[in-house]
Amino acid sequence: AVKPIPTTPIEGQKTGTSGLRKKAKEFSSGNYLANWVQSLFMALPQEELQGSEMVLGGDGRWFNKEASQIILKLAAGNGVKKMYVGQNGYLCTPAASAVIRARKAYGGFIMSASHNPGGPEEDWGIKFNSSAGEPAPEKITDKIYGFTQSVSELQMADIPDVDLSKVGVTKFGDFEVEVVSPTEDYMKLLKEVFDFDLISKLLKRKDFSMQFDAMHAITGAYAKPILVDALGAPASSCVNDTPMEDFNKGHPDPNLTYAEELVKVMFSENAPDFGAASDGDGDRNMILGNNFFVTPSDSVAIIAANAQECIPYFKSGLKGVARSMPTAAALDRVAQKLNVECFETPTGWKYFGNLMDAEKCSVCGEESFGTGSDHIREKDGPWAVLAWLSILAKRNENVPEGGKLVGVKEITEAHWKTYGRNFFSRYDYEGCESDPCNKMVESLREKASKAKKGDKYGAYELDYADDFEYTDPIDGSVASKQG
């Protein structure tokens, strides 16, 4: 039975394509989450929603367990027929996209605030992905926000909590919850993309070592099944691989600052040959070699340049490539040589999703440590790690054990020799007041509008400066003031 519960609108539930992110304390109080979820169900076309199947999972952060039960009750109360839920509420973001696509679900909920810290005093987030496995478009997120301003009743099914710790099916009348393995569908897809035998030969070599740091986040649930059980890496290759609700009080962002533990190991005297880390929800990655760091801009370019030869999924070549505007143009040079189109987009995976759906993009990336391909519609941390291991495995296929291995550094330097080297710098400013930041951006806009080709800045000469605007070649939508 459905038990309508009266509610009143809550301010500030404006939703973007990355969903809604707030402090966990706010989300876990009163009807904050329930209002948003009910508004989402009201925003979806009712004829499509009734009798639909959906997916639910997240990054294991604090409040996900309680949130899962609220979402299941509201799904049942709003006419959803079946929910697939990752065991223990676990699904990394790329796996959620894979499950939505594999099960041909109508869409799915991802409970995550990505690489932001977790815990009662930290961040929480939720987003909805559509049937292609990609984040909901603005026309849906705008509608959700509209309903959050008028929602007055929660359609809550009167059902008990579901045990999410055991794989299996639970039925409540016409409503069904199937708890699924968080790794199964995703692993099946990865085996279709990569040559697991080739990678396995590399990982089993006595003269090759690696370290994968899950940063106490969700990829900890995937590291052992993929790297150890399926590919044969030693168990010691995976560190910090038990997901924790507060990420062990860390900041699960795989960069040189926050993945400091891995960086120290990889820049030590007896460093492993390969190092990698992933973030809170598993969609970002960082790649390191022995005393060597690969920038995200170089990483996507190197993957694209080697994809056809090293990764079976791309054996027929790439359809095209894409990068976000702030990402250095290393990928453009690869595209030129491969004779495929390179798209420059605003930051946001939805822009890549449109290109992929139109079969115009195979590999894409952002300088914020996100890389992926058209096997799903989200950026994918473990995929990037396996892509690099595939390249290393191919390059060392004929190197006898004990011979000189071709490492991450050699592969990157060979790439620079062929394509030239692109530089860029990224600076992160966190916890800043927004007003002075907006003023700074306005000042930059003004300077860019007056700048002209040939202007001198110390030893540098300006080619061009602009405020990036993007017209989507697929749907014609325009995104302006993009930086």
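Refer to the structure printed above.
Residues numbered from 1 in each chain as written. Predicted model: local features only at pLDDT ≥ 70, side-chain atom pairs only at ≥ 80, totals over all residues. Heavy atoms only, no water.

Engineer: In this structure, what is going on with the pattern of salt bridges? I would like to understand it.
Structural biologist: A side chain of one charge can pair with a side chain of the opposite charge if their charged atoms are brought near each other. Following the criterion strictly, the structure yields 37 salt bridges and no others. Measuring nitrogen to oxygen at the nearest pair gives 2.9 Å for the salt bridge that ties Arg61 to Asp59. Exposure remark for Arg61: the relative accessible area of 0% places this residue in the buried category. Residue Asp59 is classed as buried on the basis of its relative accessible area, which comes to 1%. The salt bridge partner of Arg426 is Asp428, with a shortest N-O separation of 2.8 Å. Sharing partners across several salt bridges, the network here consists of Lys82, Arg103, Lys171, Glu176, Glu178 and Asp185. (Salt bridge = Lys/Arg side-chain N within 4 Å of Asp/Glu carboxyl O. Buried < 20%, exposed > 50% of the residue type's maximum accessible area, 1.4 Å probe, protein only.)

Engineer: I would appreciate a short explanation of the side chain of Thr7 in the present structure.
Structural biologist: Tracing the sequence through the fold places Thr7 in the loop between strand 1 (2-6) and strand 2 (20-23). Overall, the relative accessible area of 11% leaves Thr7 in the buried class. (Helix = DSSP H or I, 4+ residues; strand = E, 2+ residues; numbered from the N terminus.)

Engineer: For this particular structure, what's the right way to read the sheet that holds strand 9 (residues 175-180)?
Structural biologist: Backbone hydrogen bonds are what pair the strands of a sheet, in a parallel or an antiparallel way. With mixed pairing, seven strands are arranged side by side in an open sheet as 2-6-5-3-4-9-8. In this open sheet, the two strands that pair with only one neighbour each are strand 2 and strand 8 (168-172). If you compare each strand with its neighbour and ignore which way they point, the axes differ by 15° on average. Pairing of strand 8 with strand 9 involves five bridges; the strand directions are antiparallel. In the strand pairing of strand 9, Thr170 is matched with Val177. In this fold helix 2 (residues 32-43) packs onto strand 2, strand 3 (53-58), strand 5 (107-111) and strand 6 (123-130), with an angle of close to 10° to the strand it touches most, strand 6. Helix-sheet contacts for helix 4 (residues 64-77) involve strand 3, strand 4 (82-90), strand 5, strand 6 and strand 9, and the interaxial angle to strand 5 is about 155°. (Pairing = 2+ DSSP bridges. Axes fitted to C-alpha atoms, helices over the stretch in contact; angles between N-to-C directions. Contact = heavy atoms within 4.5 Å.)

Engineer: In this structure, what is going on with the pairing of strand 18 (residues 370-373)? I would like to understand it.
Structural biologist: Where a strand is regular, its side chains alternate between the two sheet faces. Burial along strand 18 is two-sided: the face carrying Gly370 and Gly372 and the face carrying Thr371 and Ser373 are both buried. With four bridges connecting them, strand 17 (residues 363-366) and strand 18 associate as antiparallel partners. Bridged to Cys364 within strand 18 is Gly372. Remark: three residues form the turn of the hairpin made by strand 17 and strand 18, two consecutive strands paired antiparallel; Phe369 in that turn has positive phi of roughly 70°.

Engineer: Just checking my understanding: could you explain the sheet that holds strand 16 (residues 342-345) for this structure?
Structural biologist: The strand order across the open sheet formed by four strands is 16-15-17-18, and the pairing between neighbours is mixed. Every other strand in the sheet has two partners, leaving strand 16 and strand 18 as the edge strands with one partner each. Averaged over all pairs of adjacent strands, the angle between strand axes in this sheet comes to 15°, irrespective of strand direction. In this fold helix 13 (residues 349-357) packs onto strand 15 (321-324), strand 16, strand 17 and strand 18, with an angle of close to 170° to the strand it touches most, strand 17.

Engineer: Quick question: what am I supposed to make of the nonpolar core here?
Structural biologist: Nonpolar side chains in soluble globular proteins tend to be buried together. Grouped together as the largest cluster of nonpolar side chains are 77 residues, with contacts concentrated most on Phe194, Leu227, Phe274, Leu386 and Leu389. Ranked by the residues each element gives to this core, the list is headed by helix 14 (residues 381-395), at ten residues. If sequence neighbours within four positions are ignored, Leu386 has contacts with Leu190, Phe194, Phe196, Ile199, Ile226, Leu227 and Leu231. Residues Leu74, Ala76, Leu164 and Phe172 belong to the second largest nonpolar core, which totals 44 residues. (Core = buried A, V, L, I, M, F, W, Y, C linked by side-chain atoms within 4.5 Å.)

Engineer: I tried to follow the packing of aromatic side chains on my own but got confused; where do I start?
Structural biologist: In this description, an aromatic ring pair is defined by two values, namely the gap between the centres and the angle between the planes. Summed over all chains, the structure comprises 14 aromatic pairs. With 6.4 Å between their ring centres and 35° between their planes, Phe293 and Phe369 make a pair best called tilted. With Phe293 in strand 14 (residues 292-294) and Phe369 in the loop between strand 17 and strand 18, this residue pair connects regions lying 76 residues apart in the sequence. A connected cluster of aromatic rings, assembled from ring pairs, spans Phe27, Tyr32, Trp62, Phe63 and Trp124. Lying over the aromatic face of Trp416, Arg421 brings its terminal NZ or CZ to 3.7 Å of the ring centre. (Phe/Tyr/Trp six-rings, centres within 6.5 Å; stacked < 30°, edge-to-face > 60°. Lys NZ or Arg CZ within 6 Å of the ring centre and 35° of its normal.)

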